[in-house]
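Read off the chains here:
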Amino acid sequence: MAPRPNAGDGKTRGSMSLVIVVGLCCFFYLLGAWQRSGYGKGDRIAEQVTQLTDCSVIPNLEFETHNKGNFDTAIDDSSKATQFESCSADYIDYTPCQDQRRAMTFPRENMNYRERHCPPEEEKLHCLIPAPKGYVTPFPWPKSRDYVPYANAPYKSLTVEKAVQNWIQYEGDVFRFPGGGTQFPQGADAYIDQLAAVIPMENGTVRTALDTGCGVASWGAYLMKKNVLAMSFAPRDSHEAQVQFALERGVPAVIGVLGTIKLPYPSRAFDMAHCSRCLIPWGANDGMYMMEVDRVLRPGGYWVLSGPPINWKINYEAWQRPREELQEEQRKIEEVAKRLCWEKKYEKAEIAIWQKRMNADSCPGRSNSRDSMCESTNPDDAWYKKMEACITPYPEANSPDEVAGGEIKPFPARLDSVPPRISSGSISGVSVETYLEDNKLWKKHVKAYKRVNKILDSGRYRNIMDMNAGFGSFAAAIESPKLWVMNVVPTIADVSTLGVVYQRGLIGIYHDWCEAFSTYPRTYDLIHANGLFTLYKNKCNVEDILLEMDRILRPEGGVIISDEVDVLMKVKKLANGMRWNTKLVDHEDGPLVREKILFAVKRYWVVGENSTSST
């Protein structure tokens, strides 16, 4: 008779079987993950990075500000990084594409000399732009709206030239911005309330605005009380640091001018456009500048003009200009507005407000006017494109009551709803499902970012830039009154998505990162770049892009770069030579994902520290 089996043996064999099964499951799971990840040559680098990196802790990478040097590196690289020297003190406020000396070599006609004129490759600087002595972190919003440290922009000319207009006052070690302006002596709040009596700012219908010739951007600063986000611009001219002051205050602004090329924004972007004594000759060039405003103004949007020549009959003596000249100027403006089929909604004192019609059916005379319709099949194509005196056609509408291009929901509902440019299928290769998945993915990414940079949405970062914004989903995921995001859509991107960004109630701009951005140094608190260096691979120099990031980033500002691991290893090495503290971490989905995240903090240093020649 066969011996009776021992009960313990069965349990042992059962346990061993379970272990074997679990082991095999784990093996095949890892094998499948390995196969899906495309593990290969580049992943050996990822494996090394993972071994060097503790992804849950970021020692020595300090996001809080101290306003003093902290030069300990987060990780010691085995290979020696190139050390970038400091530029000379002459370059503290260097703006490469709006350099004053270069500008004076271009024609004055139509403000051509004030437009972008970037240096050729051989003239690009390869040094770090220093901060001025005494530089400090700007005040947090909303205090920054009213006060700017003198050391950050030490220029007093505006306090003299605009003394009677209540723009800016110098008080000890700070500048104070009382909220006044040439056209709103009672303050920006009172002026905006007057506009809001005509324009629906309170209910979210008007969310994005364009301020042409913005000065120090007090209009945009005070619009934020009504949850309206303004893109302000002014040229770099004899009034020093207007745009620099705006950004120091925490207000969106770029250096720019209405000149000979189109504004770097898509068609139908803004809910409102504004000119307060902006000195733009609106009736000149056969109305070309008004036609450009019409291109970027959405159907149903508003145009505000305050100051000369409005109400010239009363004010011509105060303005010290001939009656006939002012009368003719206003006549030309009224004529162009009629040709564009804008409806005049309001005129009182020195303010006039027009509204763009909803569609072509509501104004059949527009297409039959003496003006030619623009021939370009893509009205969003604006980067370095010549401005023309032609009218941008409306998108087709199916009925007289339909908003051309699709109706946009009030803000904040429009932030996460599907924009008309997506739902209509007008962006090639992008579906509603693609857009919704992108939104979901970026909420997940931002949640992972916050585990490393815990102050991302604390108010520490006010001016934020997304260098490769896509649909603006990163900005949407961190949307807060404490911050704003400049959503940059690279001109070489596969699809143009900036129109979607604006339909979401966000702001942004077209740009080619092979060139410098139209801003002063030290104007952004945090820079985000997703896939940017892969996008520009073999297009221009990685070093130039990083140096531009360093130029526009504040001392102790933060950087978040996500990209392929082999790309980031090169970026990290260069960044370590730029006085950045860096840390490379795994993607939130684990170490087998080829994409990694580079977190960095620019160290605090000022002019005179390691300063050498300017080349």
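Relevant structure appears above.
This section reports on the structure supplied with the text. Only a predicted model underlies this, so the values are computations on that prediction, with no experimental measurement involved. (Residues numbered from 1 in each chain as written. Predicted model: local features only at pLDDT ≥ 70, side-chain atom pairs only at ≥ 80, totals over all residues. Heavy atoms only, no water.)

### So, the layout of surface pockets
And then number 1: Empty space within the largest pocket amounts to approximately 680 Å³.
And then number 2: As for the largest pocket, its lining consists of 38 residues, of which Gly213, Gln242, Arg277, Cys278 and Leu279 are closest to the centre.
And then number 3: Here the residues of the lining of the largest pocket sort into 18 nonpolar, 15 polar and 5 charged.
And then number 4: The space that makes up the second largest pocket amounts to roughly 570 Å³. (1 Å grid on protein atoms, 1.4 Å probe; cavity = no way out; pocket = protein on both sides within 12 Å on 5 of 7 lines; lining within 4 Å. Points joined across faces, edges and corners; volume = space filled by probe spheres on them. Nonpolar A, V, L, I, M, F, W, Y, C, P; charged D, E, K, R; others polar.)

### A look at the sheet that holds strand β9 (residues 343-348)
And then number 1: The strand order across the open sheet built from 7 strands is β6-β5-β4-β7-β8-β10-β9, with neighbouring strands paired in mixed fashion. With one partner strand each, in any of the chains shown, β6 (253-255) and β9 form the two edges of the open sheet. Strand-to-strand twist across the sheet, computed as the mean angle between neighbouring axes with direction ignored, equals 15°.
And then number 2: Sheet analysis places strand β7 (residues 270-276) next to strand β8 (residues 297-306), joined by 6 bridges and oriented parallel. Looking at the pairing, Met272 lines up with Tyr302 of β8.
And then number 3: Its contacts with the sheet put helix α6 (residues 188-196) on β7, β8, β9 and β10 (351-355), and the angle it makes with β10 is roughly 40°.
And then number 4: Lying over the sheet, helix α9 (residues 288-296) contacts β4 (208-212), β7 and β8, oriented at roughly 140° with respect to β8. (Pairing = 2+ DSSP bridges. Helix = DSSP H or I, 4+ residues; strand = E, 2+ residues; numbered from the N terminus. Axes fitted to C-alpha atoms, helices over the stretch in contact; angles between N-to-C directions. Contact = heavy atoms within 4.5 Å.)

### Here's the deal with the pattern of salt bridges
And then number 1: The tally for this structure, following the rule as stated, stands at 38 salt bridges.
And then number 2: The closest approach of N and O atoms between Glu328 and Arg331, which form a salt bridge, is 2.7 Å. Separated by 3 residues within a single helix, Glu328 and Arg331 lie in helix α11 (residues 323-339), roughly one turn from each other.
And then number 3: One salt bridge in this structure joins Asp381 and Lys385, with 3.3 Å as the shortest N-O distance.
And then number 4: Ionic contacts of the salt-bridge type, sharing partners, join the residues Asp286, Glu328, Arg331, Glu335 and Arg339 into one network. (Salt bridge = Lys/Arg side-chain N within 4 Å of Asp/Glu carboxyl O.)

### Digging into the pairing of β4
And then number 1: The element β4 is extensively covered by neighbouring structure, given that 5 of its 5 residues are classed as buried.
And then number 2: Along β4, one buried face is formed by Thr208, Leu210 and Thr212 and the opposite face, lined by Ala209 and Asp211, is buried too.
And then number 3: Judged from the 5 bridges that link them, β4 and strand β5 (residues 229-234) form a sheet pairing that is parallel. The residue of β5 that forms the bridge with Asp211 is Ser232.
And then number 4: Each parallel crossover has a hand, and the one from β4 via helix α7 (residues 218-223) to β5 is right-handed.
And then number 5: Pairing geometry for β4 and β7, over 3 bridges, is parallel. By the bridge assignment for β7, Asp211 is matched with His274. (Buried < 20%, exposed > 50% of the residue type's maximum accessible area, 1.4 Å probe, protein only. Right-handed = clockwise from strand over helix to strand, strands pointing away.)

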